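Spelled out from the first residue to the last, the chains are:
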Amino acid sequence: MSIDTDTERLTARAREISAREHERLLERTRGSARLYERAARVLPLGVASNFQANDPYPIYLDRGLGSHVWDVDGKEYVDYHGGFGVNVVGHAHPKIVSAIEQAARRGIHFAVTTEPAVALAEELCRRFRLERVRIVNSGTEATMDAIRVARAATGREIVLKIEGSYHGHHDTVLFSVVPEADVLGLRQTTSGEAADSAGDVYRTIPTSKGVPKVMAEYTLIVPFNDAAALEHVLSERGDEIAALIMEPIMMNIGIVVPQPGYLEAVRDLCSKHGVVLIFDEVKSGATVAPGGAIELYGVQPDLACFAKAIGGGATIGAFGGRADVMDVVTRGAAQQGTFNGNPLTARAGLVALTEVLTPDAYEHLAKLGARLAGGCRTAIEENRIPAHAVDLGAKGCVSYRPQPLQNYRDFLDCNAELFTASWPWLLNRSIFMTPGDEEQWTIGVQHTDEDVDRYVEAFAEFCSELEG
Ligand SMILES: Cc1ncc(COP(=O)(O)O)c(C=O)c1O
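Residues numbered from 1 in each chain as written. Predicted model: local features only at pLDDT ≥ 70, side-chain atom pairs only at ≥ 80, totals over all residues.

Asks: Give a description of the overall build of the protein that names residues and reports values.
Replies: Across its full length, the protein carries 15 helices and 17 strands. Computed over the C-alpha atoms, the radius of gyration of the protein is 22 Å, within 12% of the 23 Å expected from 2.2 N^0.38 for a compact globule of 468 residues. Once the C-alpha set of the protein is aligned to its principal axes, its extents read approximately 60 × 60 × 45 Å. When the 468 residues of the protein are sorted by exposure, 49% land in the buried category. (Helix = DSSP H or I, 4+ residues; strand = E, 2+ residues; numbered from the N terminus. Rg over C-alpha atoms; globule rule 2.2 N^0.38 Å. Buried ≥ 20, exposed ≤ 12 C-beta atoms within 10 Å, placed from the backbone.)

Right, dumping it as structure tokens:
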């Protein structure tokens, strides 16, 4: 059979499976449907954040314990959603519960720095080889403040961003996050004029309404894994560029790893042009290795941003790096916040990083990750599914494209229909996953071999059903 006919056949199968499994999911989740009706009266889309929405309604959770979660219908799942990559400690971990309980008894909030916040800052500096750090409340705040610091430190205003990367929801970074395929061919010159396919950089495509148009002039877009494109932009406009913000491992289009030598080349180019290199490790930090991508690849940025897993489930963000760059916050660059470093977060984060996410824990995560990705690979091969599995410690995913991805454009090649069918299939078999194919699984320290085997079994059945 030709590749085209094979793809058409698989896609048609996926549509059938998707329709059937969605219907079954709706039957199983009537309590979520009822809560949605109530929620949608007060919360747009019935949720607290657009990323929590789903069509026709989201599955609302009631509780979590260890590696499992229960929805409002009382259905139990093994959790691989992991709160979008936060729950590497799992749910209700006794050490985290006790840390939060103790903190609550001693005063939940002061807006005054406490000793645990200092200890957390020390641990963040040790783990990620930072000289100075500030604790904030989310990944968005971390990247927003890091960009402010970079602009203040360099006296420059333009920021370079990678096509297809997500760095939170502040204005500077809400460009070219998920640009539609039909605008991708469009390029512009480095001075911002529209150009034909020979233009220098990718067009800066707005991602959100409500961002002033003028902001597009401050964000230039380059592709991932392409040091030559970066070199070209820097050679033309390097002296206007404050920072390059990038995920060292792209983790909002499945997972895209940097090609050998790419991060080193990026590091050299930024140093040569006096551009502050910011690694956004909101997803990779404390998940792919104890010291995140910084440790995994041995490339040190000037600033790095963290959130998610570093708080043990509590609301957190942090950013830091070179002392001489961070120093601008003592000389006129605004960096502040009422809840920064509050005692609940500080204690939860400290205990997560020093008592739960220990070297043994990372060994456990690596073992489980290899077992999960290995099991998925076997099912993919046996059923000749056009997909591949990526395994990076606590993080991993299946992307529905045979070859690994190099950049955002490769992500658009993935067969989204196969993912759409897999999601309700897995949920109906008690595997809780994120509803979007841009996300990936998160394994926690409380997951077991049995949990992993449950995923592999459900996934293998899906592959064989697809293959028909
Ligand atoms: C790489 C990256 N940076 C920043 C953010 C924003 O973090 P938050 O949702 O905590 O604001 C996210 C969120 O998913 C992310 O994946």
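Asks: Give a detailed account of unusual backbone geometry, specifying residues and quantitative values.
Replies: Each neighbour pair has its own omega, and for D55 with P56 the value is 5 degrees, a cis peptide bond. Summarising the element assignment, P56 is placed in the loop between helix 2 (30-39) and strand 1 (61-65). Despite not being glycine, R129 shows a phi value in the positive range, around 55 degrees. Tracing the backbone through its elements, the reader meets R129 in the loop between helix 5 (115-128) and strand 4 (132-136).

Asks: Break down the environment of P179 for me, with residues and values.
Replies: Secondary-structure assignment places P179 in the loop between strand 5 (158-162) and strand 6 (187-188). Sequence separation between P179 and I205 is 26 residues, and the spatial gap between their C-alpha atoms is 6.4 Å.

Asks: Please set out the site of the ligand residue by residue, giving values where relevant.
Replies: Lining the immediate surroundings of the ligand are 14 residues, of which S138, G139, T140, G168 and V282 lie closest. It is helix 6 (residues 139-154) that provides the largest number of residues to the shell around the ligand, a total of three residues. Grouping the constituent residues of the shell around the ligand by class yields four nonpolar, seven polar and three charged. (Near = placed C-beta within 6 Å. Nonpolar A, V, L, I, M, F, W, Y, C, P; charged D, E, K, R; others polar.)

Asks: Before we move on, could you go through the domain arrangement of the protein and cite the residues and values that matter?
Replies: According to the domain assignment, the protein consists of domain 1 (3-79 + 358-467) and domain 2 (94-356). Distance from the C-alpha centre of domain 1 to the C-alpha centre of domain 2: 27 Å. Each side of the interface is counted separately: domain 1 has 22 residues, and domain 2 has 20 residues. A per-element tally of the side of domain 1 that touches domain 2 places helix 13 (residues 408-412) first, with four residues. Of the residues in the side of domain 1 that touches domain 2, the class split is 12 nonpolar, six polar and four charged. (Domains from an automatic or database assignment. Contact = placed C-beta atoms within 7 Å.)

Asks: Which residues make up the environment of V72, and what values do they have?
Replies: Examined against the element boundaries, V72 turns out to sit in the loop between strand 2 (68-71) and strand 3 (76-79). Along the chain, V72 and T29 lie 43 residues apart, while their C-alpha atoms are 8.0 Å from each other. Filtering out sequence-adjacent residues up to four positions away, V72 remains in contact with G31, S32, L35, Y60 and D62.

Asks: Account for the pairing of strand 2, with residues named and values stated.
Replies: Across the two faces of strand 2 the burial differs, with V69 and D71 buried and H68 and W70 not buried at all. Where strand 1 meets strand 2, four bridges bridge the pair, whose relative direction is antiparallel. Bridge assignment links G64 to a residue of strand 2, and that residue is V69. When strand 2 meets strand 3, the two strands line up antiparallel, connected through three bridges. Residue pairing across strands places V69 opposite Y77, the latter belonging to strand 3. (Pairing = 2+ DSSP bridges.)

Asks: I'd love a proper account of the pairing of strand 11 (residues 276-280), names of residues and values included.
Replies: Among the five residues of strand 11, five are classified as buried, and the element is accordingly described as predominantly covered. Of the two faces of strand 11, both are covered, the one formed by V276, I278 and D280 as well as the one formed by L277 and F279. Inspection of the sheet shows strand 10 (residues 241-246) paired to strand 11 by four bridges, in the parallel sense. Bridge pairing in strand 11 places A243 opposite V276. In terms of handedness, the path from strand 10 via helix 8 (residues 262-273) over to strand 11 forms a crossover that is right-handed. In terms of strand pairing, strand 11 meets strand 12 (residues 303-307) through three bridges, oriented parallel. Bridging from a neighbouring strand, F279 pairs with A304 of strand 12. Once the chain exits strand 11 it traverses helix 9 (residues 292-297) before rejoining the sheet at strand 12, and the crossover so formed is right-handed. (Right-handed = clockwise from strand over helix to strand, strands pointing away.)

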